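# A look at the structure
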Amino acid sequence: MFRRSKSEPEVPETPAKEGGKGRPTPKRRDAEAAAKARAKVPRTRKEQAAAERAARSDATQKARAGFRAGDDRFLPARDRGPMKRFVRDFVDSRFQFIQVILPVLLFALVIPWVSGGNPTAVSFANLLTITSVLLVIYDVVMLRLRLRRQLTARFPGQSTKGTTLYAIMRSMQLKFSRMPKPQVKLGEALPDVYR
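Overview of the structure. Remember, predicted model here, so these are calculated numbers, not experimental data.

### Things to note about empty space enclosed by the protein
All told, the structure shown has 1 cavity of 30 Å³ or more when counted by the stated rule. Roughly 30 Å³ of volume is contained in the largest cavity. Along the walls of the largest cavity sit Gln96, Ile98, Asp139, Val140, Leu143, Ser171 and Met172, which together make up its complete lining. Breaking the lining of the largest cavity down by element, the ones donating at least two residues are helix 5 (119-154) and helix 6 (163-172). Here the element with the most residues in the lining of the largest cavity is helix 5; it accounts for 3 residues. For the lining of the largest cavity, the per-class residue count stands at 4 nonpolar, 2 polar and 1 charged.

### So, the packing of helix 5 against helix 6
Where helix 5 meets helix 6, the axes come as close as 10 Å, and the angle between the chain directions of the two elements is 135 degrees. In this view, helix 5 runs oblique relative to helix 6, as classed from their interaxial angle. Considering only the axes of helix 5 and helix 6, their crossing is right-handed. Along its contact with helix 5, which presents Val136, Val140, Leu143, Arg144, Leu147, Arg148 and Leu151, the element helix 6 presents Thr163, Thr164, Ala167, Ile168, Ser171 and Met172. When the residues that make up the contact of helix 5 with helix 6 are grouped by side-chain class, the tally is 8 nonpolar, 3 polar and 2 charged.

Conventions adopted
- Residues numbered from 1 in each chain as written.
- Predicted model: local features only at pLDDT ≥ 70, side-chain atom pairs only at ≥ 80, totals over all residues.
- Heavy atoms only, no water.
- 1 Å grid on protein atoms, 1.4 Å probe; cavity = no way out; pocket = protein on both sides within 12 Å on 5 of 7 lines; lining within 4 Å.
- Points joined across faces, edges and corners; volume = space filled by probe spheres on them.
- Helix = DSSP H or I, 4+ residues; strand = E, 2+ residues; numbered from the N terminus.
- Nonpolar A, V, L, I, M, F, W, Y, C, P; charged D, E, K, R; others polar.
- Axes fitted to C-alpha atoms, helices over the stretch in contact; angles between N-to-C directions.
- Parallel < 35°, antiparallel > 145°, perpendicular 65-115°, else oblique.
- Left-handed = near helix turned anticlockwise from the far one by under 90°.
- Contact = heavy atoms within 4.5 Å.

Bear in mind that shape data such as this cannot, by itself, settle questions of function.
Now the structure itself:
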């Protein structure tokens, strides 16, 4: 009762086998039960429809998750490929005035209404609206020039047709509503190679 406990000998941990599957082999009864469950054919039309509906639902959820994550297998043809992935990352890594134009235009819309039609406030609101539109146009032109330069450097000899419109349409969307979801943070350096 009050004796010293014997120290147990240390058992060396065996390293994981190279090329292994990374999980333990299931017991025979578990494997057989899983095989029977997979092989079980629905007996009635109602069970068959429910099984098909569940399979469609799983496939749809998997496709949506892949689309949001930017997986090429689940993207439509207009979003596929390394060049389009680079364009998305290029747009998502830059700050653009278009991201703040909505609050600015809302503010310009509210100023005359709150001021009661004050001519100074109305002219300020008009000036703010025109300035913000000009800033957006400047931002789009600079996006096009910088994107063209990056594309010719990173993808030499490839056609860049449609990439400018693709980048402009993506930049016009608010960052949280872009699909596929942005994979890079604001100001993050982009990788040199896209495959």
